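# Remarks on the overall topology
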Amino acid sequence: MTTAKRGGDGGRVLVVGGYGAVGATVTATLGDWFPGRVVVAGRDPDRARRLGGVRVDLTDPGGFRRTLEELGDVAAVVLCAEPPDAGVARVCLGSGVHLVDISATPRLLDDVADLHGLAAGSGATAVLSVGVAPGLTNLLARRAHEAVGGAEHVDLTVLLGTGDRHGGDAVRWTVEGLARAPEAGPARTGLPGYGTRTAHWFPFSDQHTLPRTLGVAGVTTRLCLDSRPLTAMLFGSRRAGLLRGVHRPAVRRALTAAFGRVHVGDDGFAVRADARRGVRHAVFALTGRAQSRVTGLVTAHVARELLTGGPPPGVHHIEQLPALASLPEALAEHGVALWRPSDRAREGAGRALC
Ligand SMILES: NC(=O)c1ccc[n+]([C@@H]2O[C@H](COP(=O)([O-])OP(=O)(O)OC[C@H]3O[C@@H](n4cnc5c(N)ncnc54)[C@H](OP(=O)(O)O)[C@@H]3O)[C@@H](O)[C@H]2O)c1
């Protein structure tokens, strides 16, 4: 079994999707922190080579293995594009190469988590649930959970800006999520700077993985947009069954293109975690601008921790690594504002956030 190649050895970082909306920030930030050690990758050979990188397709784990062997000294792989399965993760973790994965699809995260033993055996570490949602939502959920002494239920709310420049793959993922039947009803929630909003159930992976990592019985994640009319129109259409056709590629393509063109709000986003245990209620929230950029910054911080810190080998979600618990504070210099806890032992604790 290969032993993990640590960043201290000067190994390189392969950023797959490194010229996408999220990946561009990851590439630039890691390039500043580790000059000469970042290799950009994607399917477009011209784009990748223009940036001094290599062509890689995540749907081809065999080709990915050959690329790793040719490069020879890759210490960590950062996935800023979602692979179809855990094939590429298996190649990395079986070869002692660290992995950061920003994927947001529950089934995929479960399949990579199943590689824990493989990673532990090779000395490699993988971090999952990296970004804003999942990512910062997981970290706030953990804080709120601990503030009430172990939550019975956690509610997560995500607000996205319709004026933001979301990447093509992220918009596609969101459109596909609209086809899913809601597993919980809507809820009214105060979000700092946005007032009280109605948010609707959405298939973010945090609510799927947090019950296991935190030991909470139930977690629910809801989404709203900064534009109230657009939120109402979108989720009203879902309720009326008008979005079922999203399964069909042509409808999905049309909706993805339409969403890519909508710019009615600005680029702000907000995230809130509410934990409840009996009458105890704790709230943590944060706001920021440019969701893709902040996702990229979170990802770069996680990659740096893998390269310079010593997280234990194995597969972990972001909230399981104590060294990453203060990441929201570390992002303050990039305009991320953390709203302090309001763990009053009564309902309505979040009102102060509005
Ligand atoms: N956790 C979070 O909070 C969070 C937030 C935002 C986005 N995301 C996820 O991050 C991913 C990227 O989002 P984005 O907004 O950056 O999208 P994007 O702007 O479309 O970028 C995707 C990048 O990945 C490359 N790519 C796509 N498929 C690939 C494949 N099979 N093999 C190799 N490279 C591939 C693309 O280049 P080529 O087309 O040239 O290959 C492009 O550079 C999405 O899966 C999204 O769901 C997660």
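Before any of the text, the structure's been laid out above.
Residues numbered from 1 in each chain as written. Predicted model: local features only at pLDDT ≥ 70, side-chain atom pairs only at ≥ 80, totals over all residues. Heavy atoms only, no water.

### A look at the site of the ligand
By nearness alone, 28 residues border the ligand, and Y19, A21, V22, R43 and V132 come closest of all. Take D44: an N or O atom from its main chain is 3.2 Å from an oxygen atom of the ligand. With respect to the ligand, the backbone of G167 contributes an N or O atom lying 3.3 Å from an oxygen atom. Computed on the free molecule, the ligand has an accessible area of 910 Å², of which 88% lies beneath the protein chains in the complex. Put simply, the parts of the chain that give the shell around the ligand at least two residues each are α8 (168–177) and α12 (291–308). (Near = heavy atom within 4 Å. Polar contact = N/O pair within 3.5 Å; in protein donor to acceptor, adjacent residues only side chain to side chain. Areas by Shrake-Rupley, 256 points an atom, 1.4 Å probe, with all protein chains shown as cover. Helix = DSSP H or I, 4+ residues; strand = E, 2+ residues; numbered from the N terminus.)

### Observations regarding the packing of helix α7 (residues 136–147) against helix α9 (residues 206–214)
Viewed as axis vectors pointing N to C, α7 and α9 meet at an angle of 40°, and their least axial separation amounts to 11 Å. With respect to each other, α7 and α9 are oriented oblique. Considering only the axes of α7 and α9, their crossing is right-handed. In this structure, α7 uses T137, N138, A141, R142 and H145 to contact α9, whose residues at the interface are D206, T209, L210 and L214. When the residues that make up the contact of α7 with α9 are grouped by side-chain class, the tally is three nonpolar, four polar and two charged. (Axes fitted to C-alpha atoms, helices over the stretch in contact; angles between N-to-C directions. Parallel < 35°, antiparallel > 145°, perpendicular 65-115°, else oblique. Left-handed = near helix turned anticlockwise from the far one by under 90°. Contact = heavy atoms within 4.5 Å. Nonpolar A, V, L, I, M, F, W, Y, C, P; charged D, E, K, R; others polar.)

### Comments concerning the environment of R180
Structurally, the position occupied by R180 is in the loop between α8 and β8 (187–191). Residue R180 is classed as partly exposed on the basis of its relative accessible area of 39%. Through-space distance from the C-alpha of R180 to that of V246 is 9.5 Å; in sequence the pair is 66 residues apart. With near-sequence residues (within four places) excluded, R180 lies in contact with W201, P203 and R238. A polar side-chain atom of R180 sits 2.9 Å from a polar atom in the side chain of E183. (Buried < 20%, exposed > 50% of the residue type's maximum accessible area, 1.4 Å probe, protein only.)

### What to know about helix α1 (residues 23–33)
Within the sequence span of α1, burial applies to G23, T25, V26, T27, T29 and L30. Check the buried side of α1 and you find it contacts β1 (12–16), β2 (38–42), β4 (74–79) and α12.

### Here we look at the pairing of β2
Burial within β2 is extensive, with four of its five residues counted as buried. Inspection of the sheet shows β1 paired to β2 by four bridges, in the parallel sense. Along β2, the bridge assignment pairs V13 with V38. Each parallel crossover has a hand, and the one from β1 via α1 to β2 is right-handed. (Pairing = 2+ DSSP bridges. Right-handed = clockwise from strand over helix to strand, strands pointing away.)

### A look at the pattern of salt bridges
A complete count under the given rule lists eleven salt bridges for this structure. Here E146 and R142 are joined by a salt bridge, their closest N and O atoms 2.8 Å apart. With a gap of four residues between them, E146 and R142 both fall in helix α7, about one helical turn apart. Residue classification places R142 among the partly exposed positions, given a relative accessible area of 30%. Among the salt bridges present, the one from E183 reaches R180, with a minimum N-O distance of 2.9 Å. (Salt bridge = Lys/Arg side-chain N within 4 Å of Asp/Glu carboxyl O.)

### A closer look at the state of the cysteines
Inspection of the entire model under this criterion finds zero disulfides. No disulfide involves C80; its sulfur sits 13 Å from the nearest other cysteine sulfur, which is in C92. You can call C92 buried: its relative accessible area is 0%. (Disulfide = S-S within 2.5 Å.)

### Quick word on the sheet that holds strand β14 (residues 337–339)
Spatial strand order, β8-β9-β10-β7-β11-β12-β14: seven strands in an open sheet with mixed pairing. Taken across any chain shown, the strands that pair with only one partner, and hence form the sheet edges, are β8 and β14. Averaged over all pairs of adjacent strands, the angle between strand axes in this sheet comes to 25°, irrespective of strand direction. Two strands pair when backbone bridges link them, and strand β12 (residues 280–289) and β14 are joined in this way by three bridges, in the antiparallel orientation. By the bridge assignment, L286 is partnered in β14 with L338. Together, β9 (195–201) and β10 (218–225) form the strand contacts of helix α10 (residues 228–239), whose direction differs from that of β9 by roughly 25°.

### Points about the nonpolar core
Core analysis: the largest hydrophobic core is formed by 68 residues, its most contacted members being L30, V78, V298 and V302. Looking at which element gives the most residues to this core, the answer is α12, with eight residues. When residues of this core are assigned to domains, at least three map to each of domain 1 (7–130 + 293–327) and domain 2 (136–291 + 331–353). If sequence neighbours within four positions are ignored, V78 has contacts with V13, L14, V15, V16, V26, L30, V100, T299 and A303. Counting 28 residues, the second-largest nonpolar core is a separate cluster that includes V16, V39, V56 and A124. (Core = buried A, V, L, I, M, F, W, Y, C linked by side-chain atoms within 4.5 Å. Domains from an automatic or database assignment.)

### Description of unusual backbone geometry
Put simply, A133 and P134 share a cis peptide bond, and its omega is 10°. Mapped onto the fold, P134 is located in the loop between β6 (125–128) and α7. In the Ramachandran plot, S129 falls in the positive-phi region, its phi being about 60° despite a non-glycine side chain. The residue S129 is located in the loop between β6 and α7 in this model. The residue A290 is not glycine, and still its phi comes out positive at about 60°. Here A290 is to be found in the loop between β12 and α12. Taking the relative accessible area as the measure of exposure, A290 reaches 16% and is therefore buried.

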